[in-house]
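This is what each chain is made of:
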Amino acid sequence: MEKHIHITPESKATFHNNADFCVGTGRMGLAMQEEYQKQLALAQELAGFRYIRGHGLFCEDMSIYQTAPDFKGGWKFAGYNFTYLDRVVDSYLEKGIRPFIELGFMPGAIASGTQTIFYWKGNTTPPAKDEDWVNLVKATLNHLVERYGYEEVVTWPCEVWNEPNLPGFWENADKEKYLHLYEITAPAVKEVLPEMKVGGPAVCGGETTPDWIRDFLTFCRDKKLPLDMVTRHLYMGNTPERKGRYMYHTMRTVDSIIEEAEGTRAIIDSFPEYKGMELHITEFNTSYNPFCPIHDTNLNAVLTAGLLSRLGDTCASYSYWTFGDVFEEGGVPPRPFHGGFGMIANQLIIKPTMWTFAFFNNLKGEPVYRDDNMVLVRRKDGSYQGVAWNICQENRDAITLNVTLPLSGKQSLMQRIVDEECCNPLKAWHEMGEPASLTKEQLQFLKDAGQPLCKTALLEGEEISFALELKQNALVQFTVNPVKGEPDEGYDYQWYVEHA
């Protein structure tokens, strides 16, 4: 298949690039692991995210809500402890990333029930007493203001709970009780930080999502509750098939995901009070399971590219779940590749999807072209940069993009290529025999196998034309810059070509 793309000085396109706004993490307590910190530093070096969102702010391993024996056979409230919270937030800010706060889950000491979720047992029941929850939220926000300053903390978005339309994440998926939780929480947030953006309902998608969002907005409107943003999640997986611990499912199309986001946008805009309100996708990925091999593949990278090229049309942000494989919802990951959500496998092996964000997050300029295979921008200095991809779900053919740019003279074409042949550490690991524990030699090879292939070409003419060859599930970053040669006297690149 071939496409011919001719760019003129007047070419313009619509492309809203919000890919760098936020990225997901498992739970906050994982930030106290060395491997986690190394993976986050690498993600920041490559992609530079602005916010990070995860679960578990109030879970037991963060140890914020403290109890002590009451000497009557029970326990009493003994104050708040922010030691670990400070440690985590300090580490984030040092890396140039800020919290996108998710308020949850429930400390066991103030919970109304014992239902928990995940290996690390986050309590997912409402508070037994509203005042205990409200006081916890206000105390935490007040502490953050005291430590980091009002002007800093007020810029951190705040979301109430996570996926309450799923019975595992909110007992019985009780909508009325979630709406009540929001009713007591949002005003508490505003009491401490009147300008902080607060929102919900953080629903997961599926058939119940439109009704949940519509009912949530109706409730907030009728109760005149604070609301600055609507949040939800998006995943691409169809009905799964299980093999052992692993989950496999075919993927929905990029078009169907975009249509779902547009449907949510339409619901929000149908309320005059909320028309144009920010929509944040606080989780998205292909599969919603942390043991799904697609996450390790090049297909995952190009599906993500297709979404990043279009989600900004309707959404203020879309947070990939997650940046790294230090993640324990289903237990401690057993192998270097296990289908984990992360863009970076454990031991700092870069997966293809990390390059999707590295390429998009560095794509800055005036959009001049966008279609299902490419986004192209003109940068301030007059050079061009783009990202191209080839999603192979049903179609397995390679694609050639023949691009013509309104440039003249000598130009340098630089490409970084990620595809199943040249940047596929999963394939390398498979052909090593899928070792559970890596030798130093194997680890270094897999790290090298996770790097893009770099290609250059010297172009010249009254118009600049070149071809991008996109193999199956290929992702390519390309830049066209003017050549400004400063050769050293006597240095001849071609001498050995001509005299060898």
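Refer to the structure printed above.
Residues numbered from 1 in each chain as written. Predicted model: local features only at pLDDT ≥ 70, side-chain atom pairs only at ≥ 80, totals over all residues. Heavy atoms only, no water.

Would you explain the packing of aromatic side chains in this entry?
This model, assessed by the stated rule, comprises 35 aromatic pairs. Relative to Phe169, the ring of Phe105 has its centre 6.2 Å away and its plane inclined at 40°; by these criteria the two rings are tilted. Of this pair, Phe105 sits in the loop between strand 7 (101–103) and strand 8 (116–117) while Phe169 is found in the loop between strand 10 (158–160) and helix 5 (175–192), placing the two residues 64 residues apart along the sequence. Like Phe105, the residue Phe169 is buried in the burial classification. Note on Trp495 and Tyr496: the rings are 4.9 Å apart at their centroids and 80° apart in plane angle, and the pair reads as edge-to-face. What makes Tyr496 exposed here is its relative accessible area of 63%. Taken together, the ring pairs connect Phe58, Phe105, Phe118, Trp120, Trp133, Trp161, Phe169, Trp170, Tyr178, Tyr182, Trp212 and Phe216 into an aromatic cluster. Over the face of the ring belonging to Tyr248 we find Lys243, whose NZ or CZ atom lies 5.5 Å from the ring centre. (Phe/Tyr/Trp six-rings, centres within 6.5 Å; stacked < 30°, edge-to-face > 60°. Helix = DSSP H or I, 4+ residues; strand = E, 2+ residues; numbered from the N terminus. Buried < 20%, exposed > 50% of the residue type's maximum accessible area, 1.4 Å probe, protein only. Lys NZ or Arg CZ within 6 Å of the ring centre and 35° of its normal.)

Looking at this model, I keep getting lost on the packing of helix 7 (residues 254–269) against helix 8 (residues 298–308). Mind explaining?
Working note: a packed helix pair is described by the angle between its axes plus the distance between those axes. Packing of helix 7 against helix 8 leaves a shortest axis separation of 10 Å and a crossing angle of 40°. Compared by their axis directions, helix 7 and helix 8 come out oblique. Note that helix 7 runs across helix 8; the crossing there is right-handed. Across the interface between the two elements, Val254, Ile257 and Ile258 from helix 7 touch Leu303, Gly306 and Leu307 from helix 8. Along the lines of polarity and charge, the residues of the contact of helix 7 with helix 8 split into five nonpolar, one polar and no charged. (Axes fitted to C-alpha atoms, helices over the stretch in contact; angles between N-to-C directions. Parallel < 35°, antiparallel > 145°, perpendicular 65-115°, else oblique. Left-handed = near helix turned anticlockwise from the far one by under 90°. Contact = heavy atoms within 4.5 Å. Nonpolar A, V, L, I, M, F, W, Y, C, P; charged D, E, K, R; others polar.)

What am I meant to see in the pairing of strand 23 (residues 409–418) here?
Relative to strand 24 (residues 453–461), strand 23 runs antiparallel, the two being bridged by nine bridges. Following the sheet pairing, Arg416 is matched in strand 24 by Cys454. Two elements, strand 23 and strand 26 (residues 475–482), share eight bridges in a ladder whose sense is antiparallel. Pairing of Gln411 across the sheet is with Pro482, part of strand 26. (Pairing = 2+ DSSP bridges.)

Honestly, the packing of helix 3 (residues 130–148) against helix 5 in this entry has me stumped. Any pointers?
Running from N to C, helix 3 and helix 5 cross one another at 30°; their axes reach a closest spacing of 9 Å. As summarised for this structure, helix 3 and helix 5 are arranged roughly parallel, according to the angle between their axes. For the crossing formed where helix 3 meets helix 5, the hand is right-handed. The residues of helix 5 that touch helix 3, namely those facing Asp130, Trp133, Val134, Val137, Lys138, Leu141, Asn142 and Val145, are His180, Leu181, Ile184, Thr185, Ala188, Val189, Glu191 and Val192.

So what exactly am I meant to see when it comes to the pattern of salt bridges here?
Evaluation of the coordinates by the stated rule reveals 30 salt bridges. Glu278 is the salt-bridge partner of Lys197, the closest N and O atoms lying 2.9 Å from each other. Residue Lys197 is located in the loop between helix 5 and strand 11 (198–203), and its partner Glu278 is located in strand 15 (residues 278–285); the two are separated by 81 residues in the primary sequence. Close ionic contact of Lys427 with Glu431 constitutes a salt bridge, the shortest N to O distance being 3.1 Å. (Salt bridge = Lys/Arg side-chain N within 4 Å of Asp/Glu carboxyl O.)

Whenever I open this one, helix 8 confuses me. Can you help?
Given 3.6 residues per turn, any residue in an α-helix points the same way as the ones three and four places further on. Of all eleven residues making up helix 8, eleven are buried, and the element is well covered by its neighbours. Within helix 8, the full set of buried residues consists of Asn298, Leu299, Asn300, Ala301, Val302, Leu303, Thr304, Ala305, Gly306, Leu307 and Leu308. The N-capping residue of helix 8, defined by a side-chain oxygen 3.4 Å from the backbone nitrogen of Leu299, is Thr297. (Polar contact = N/O pair within 3.5 Å; in protein donor to acceptor, adjacent residues only side chain to side chain.)

Even after reading the chapter, I still don't get the sheet that holds strand 23, so can you show me in this structure?
To summarise the sheet geometry, strands pair through backbone hydrogen bonds and adopt either a parallel or an antiparallel arrangement. The sheet built from six strands is open, its strands ordered 19-20-21-26-23-24 with antiparallel pairing. Taken across any chain shown, the strands that pair with only one partner, and hence form the sheet edges, are strand 19 (366–370) and strand 24. When the angles between neighbouring strand axes are averaged without regard to direction, this sheet yields 20°. Across the sheet, helix 8 is in contact with strand 21 (384–389), strand 23 and strand 26; its angle to strand 21 comes to roughly 125°. Along the sheet face, helix 9 (residues 352–361) touches strand 21, strand 23 and strand 26 and points at about 30° away from the line of strand 26.

Quick question: what am I supposed to make of the sheet that holds strand 22 (residues 399–405) here?
Overall, mixed pairing links the three strands, which are arranged 1-22-25 in an open sheet. Whereas interior strands pair on both sides, the edge strands pair on one side only; in this sheet they are strand 1 (2–6) and strand 25 (464–470). When strand polarity is set aside, the average angle formed by the axes of neighbouring strands in this sheet is 15°. Direction of pairing for strand 22 relative to strand 25: antiparallel, over a ladder of seven bridges. Looking across to strand 25, one finds that Leu401 is bridged to Leu468.

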